[in-house]
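What the coordinates show
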Amino acid sequence: MSSTTRLTVAQALVRFLSVQYTERDGLRHRLIAGTWGIFGHGNVAGVGQALLEAGEDAMPFHQGRNEQAMVHAAVGHARQLNRLSAQAVTTSIGPGATNLVTGAALATINRLPVLLLPGDYFATRAADPLLQQLEHPTEADVSVNDTLRPVSRYFDRIHRPEALIPAALQAMRVLADPAETGAVTLALPQDVQAEAYDWPEEFFAERVWRVRRPAPDPLELAEAVRAILGAARPLIVAGGGVHHSEAEEALKAFADATGIPVTSTQAGKGSLRHDHPADLGGIGHTGTAVADDLARTTDLVIGVGTRYSDFTTASGTLFQNPDVRFLNLNITSFDAHKLAARTVVCDARAGLEALTSALEGHRVNAAYEAEYRAGKERWEQVVTRAFEAADENAVPTQTQLLGALDAVVGDEDVVINAAGSLPGDLHKLWRARSPRQYHLEYGYSCMGYEIPAAIGVQQATPDTPVWALVGDGTYLMMPTELVTAVQEGLPINLVLIQNHGYASIGGLSESVGGERFGTAYRYRAADGTFSGAPLPVDLAANAASLGMDVLRAKTVRELREALATARASDRPTCVYVETDTATPTAPPAEAWWDVPVAETASREAAVAARTEYDRQSAARRTHL
């Protein structure tokens, strides 16, 4: 008869999580490297007590300020470590639990692992209703945690102690599975958390979850080789799966051998170094001119680890060659089959290595190679012009800010962004120097992601210089985790850009007939609109009040000096700059993005926008 140990459900869960590992290519990682938490009556006596009893060696604890932000930090950690390690997040019942939903959606959309442990109602109904409990008139077992079901890859509610065993094992399976991973939720009724049970010792044995690298099916591989051999103008679209698989060197070898050019999604940028002759930069609505020009004429799109968002396909208008076909390498069958593609369902590294071997001796036409290299050279001149400032004493534009940062960072630095006008400028212009330098969360494009994600990246790789780039709109959404960075002594660098409103949405609003309505941070004018003087908000003072060292920069020269000082600091540091929004320096969009425009309107701007919308949408294709 096997021996048992008597523990509460929460104590057993923490002990179980402390001995879970992943392993890939012989390298082992803790699957759950730590737990973020904010405590309330729904988890303080359960998971909170269990974490205290386990101690920091068994389960490191991180104190957060906002539940959504804690999930973002965990996601940043997981992405930096190529999904091989995750973190858990515990919350109380009620608003703490519902605050998880946005972070969970972000994790699942981006295929990144995070374990969510929200408190829940009493399973025994001994106290019913309890504080913060949702009462549903026809479904008594529904709680606010059910909002997490559609944004979780696995969900279970632990009504009895013994139910934890299969649920915990399933949770680990999903977190460690590269084809299934995302947010995983174990809802924990608070009375069950504190209930004791005799647990079999085998439950606490060390487990290693091997992260597989499935090889391509021979028939699928043969079809892929035929497709590539028959293509005159093949083009690679590298997605985030290249990074998650650590397939960057395999992609480089494939491009070196075949001469096939490489474009990248927001998640895939950095798959090749920016100065590799086959790297053409971003593709799609925020892509480079050379990448999008080739996309319009390519006859074979080779998608590697991408889910083909509308930004990548320019809302179905980008790939215009009547004979274009798609070949997708993806570990997830769901993504591999998109756009009626030929599929190679496999690990990205394994698939690229197999293709390189099978295509030995094959190379694209020399004229095609010369064409895209010339286009790359022309685009590099565009980047240089956008980055350079004629007057070092002038107020910097946003692209000149990126140029100043480009001059300061090293290959090992990580630059994080998620929302606003920066993603477009970064995707088109940033010169990625290493696989993890470019960290854009653009699956959910969630304002407020950057600061907590920077903390997660810093925790995952402590010696890495990390930059969180945020505008004033994003900063005001969620600056709270700056306190966490100060508390933990994490030397993240915050670049805080003041442009007095939602600059990105303001520009989009103008282009679709919205006339920048409701997008400026200004006083109300006499006509009732927000078109008065800018608000006298001092965000730099706010960052300083949260414990950051703050450097204010007014000119290009001061900005460059402040960025260099921040990078050299061992303290959390904010570089605050107000940018010139009147001088256009960013290249225009090279491809369309579908944001539906009012079909009937009386205002001239909307009527004109609808005419342009009808013209652009006529180019949309369904690829069969």
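To start, this report covers the structure provided alongside it. Predicted model, so just to flag it, every value in this text is computed and none were measured. (Residues numbered from 1 in each chain as written. Predicted model: local features only at pLDDT ≥ 70, side-chain atom pairs only at ≥ 80, totals over all residues. Heavy atoms only, no water.)

**Details of the sheet that holds strand S4 (residues 32–37)**
- Pairing is parallel in the open sheet, where six strands are placed in the order S5-S4-S6-S7-S9-S8. Of all strands in the sheet, those with a lone pairing partner are strand S5 (61–63) and strand S8 (154–157), marking the two edges. Averaged over neighbouring strand pairs, the angle between their axes works out to 20 degrees when direction is ignored.
- Lying over the sheet, helix H3 (residues 67–80) contacts S4, strand S6 (86–91) and strand S7 (114–120), oriented at roughly 170 degrees with respect to S6. (Pairing = 2+ DSSP bridges. Helix = DSSP H or I, 4+ residues; strand = E, 2+ residues; numbered from the N terminus. Axes fitted to C-alpha atoms, helices over the stretch in contact; angles between N-to-C directions. Contact = heavy atoms within 4.5 Å.)

**Regarding the environment of His 274**
- Looking at the element boundaries, His 274 is found in the loop between strand S13 (262–264) and strand S14 (279–282).
- In this structure His 274 comes out as buried when scored by relative accessible area, which is 18%.
- Sequence-wise, His 274 and Ala 432 are 158 residues apart; in three dimensions their C-alpha atoms are separated by 5.3 Å.
- Excluding residues that lie within four positions of it along the chain, His 274 makes contacts with Asp 279, Lys 376, Arg 431, Ala 432 and Arg 433. (Buried < 20%, exposed > 50% of the residue type's maximum accessible area, 1.4 Å probe, protein only.)

**Notes on helix H18 (residues 450–460)**
- Of all eleven residues in H18, eleven are buried, a share of seventy percent or more.
- Among the residues of H18, those classed as buried are Glu 450, Ile 451, Pro 452, Ala 453, Ala 454, Ile 455, Gly 456, Val 457, Gln 458, Gln 459 and Ala 460.

**Some words on empty space enclosed by the protein**
- Considering all chains together, one arrives at four cavities of 30 Å³ or more under this definition.
- Here the largest cavity is characterised by a volume of approximately 540 Å³.
- Lining the largest cavity are 39 residues; nearest its centre among them are Gly 240, Gly 241, Ala 267, Gly 305 and Thr 306.
- Mapped by element, the contributors of at least two residues to the lining of the largest cavity are helix H9 (240–244), helix H12 (310–313) and strand S16 (325–330).
- Examining the composition of the lining of the largest cavity, we find that three residues originate from one element, H9, more than from any other.
- In this structure, the second largest cavity occupies an estimated 180 Å³ of space.
- Together, 22 residues line the second largest cavity, and Lys 269, His 274, Asp 279, Gly 281 and Trp 430 are the ones closest to its centre. (1 Å grid on protein atoms, 1.4 Å probe; cavity = no way out; pocket = protein on both sides within 12 Å on 5 of 7 lines; lining within 4 Å. Points joined across faces, edges and corners; volume = space filled by probe spheres on them.)

**What to know about the pattern of salt bridges**
- In total, this model carries 36 salt bridges according to the counting rule given.
- A salt bridge links Arg 212 to Asp 177; its shortest N-O distance comes to 3.2 Å. Linking Arg 212 in the loop between strand S11 (207–210) and helix H8 (218–229) with Asp 177 in the loop between helix H6 (164–176) and strand S9 (183–189), this pair joins segments that are 35 residues apart in sequence.
- The class for Arg 212 is partly exposed, based on a relative accessible area of 42%.
- With a closest N to O distance of 3.1 Å, Arg 610 and Asp 614 form a salt bridge. Taken as a pair, Arg 610 and Asp 614 lie in helix H24 (residues 604–617) at a separation of four residues, close to a single helical turn.
- A residue is classified by how much of its surface remains accessible, and Arg 610, at 18% relative accessible area, is buried.
- Sharing partners across several salt bridges, the network here consists of Glu 23, Arg 28, Glu 206 and Arg 210. (Salt bridge = Lys/Arg side-chain N within 4 Å of Asp/Glu carboxyl O.)

**Here's the deal with unusual backbone geometry**
- Following Asp 128, the chain continues to Pro 129 via a peptide bond in cis, the omega torsion being 0 degrees.
- Its location among the elements puts Pro 129 in the loop between S7 and S8.
- Despite not being glycine, Glu 246 shows a phi value in the positive range, around 55 degrees.
- Examined against the element boundaries, Glu 246 turns out to sit in the loop between H9 and helix H10 (248–258).

**Regarding the sheet that holds strand S20 (residues 466–471)**
- Taken in spatial order, the six strands line up as S19-S18-S20-S21-S23-S22 in an open sheet, and their pairing is parallel. Both outer strands of the open sheet, strand S19 (438–440) and strand S22 (549–553), are each paired with one neighbouring strand and no more. Strand-to-strand twist across the sheet, computed as the mean angle between neighbouring axes with direction ignored, equals 20 degrees.
- The sheet contact formed by strand S21 (residues 493–498) and strand S23 (residues 573–578) spans six bridges and is parallel. Bridge assignment links Gln 498 to a residue of S23, and that residue is Glu 578.
- Sitting on the sheet, helix H17 (residues 422–429) touches strand S18 (414–417), S19, S20 and S21, and the angle it makes with S19 is about 150 degrees.
- Its contacts with the sheet place H18 against S18, S19, S20 and S21, and it is angled at close to 175 degrees to S20.

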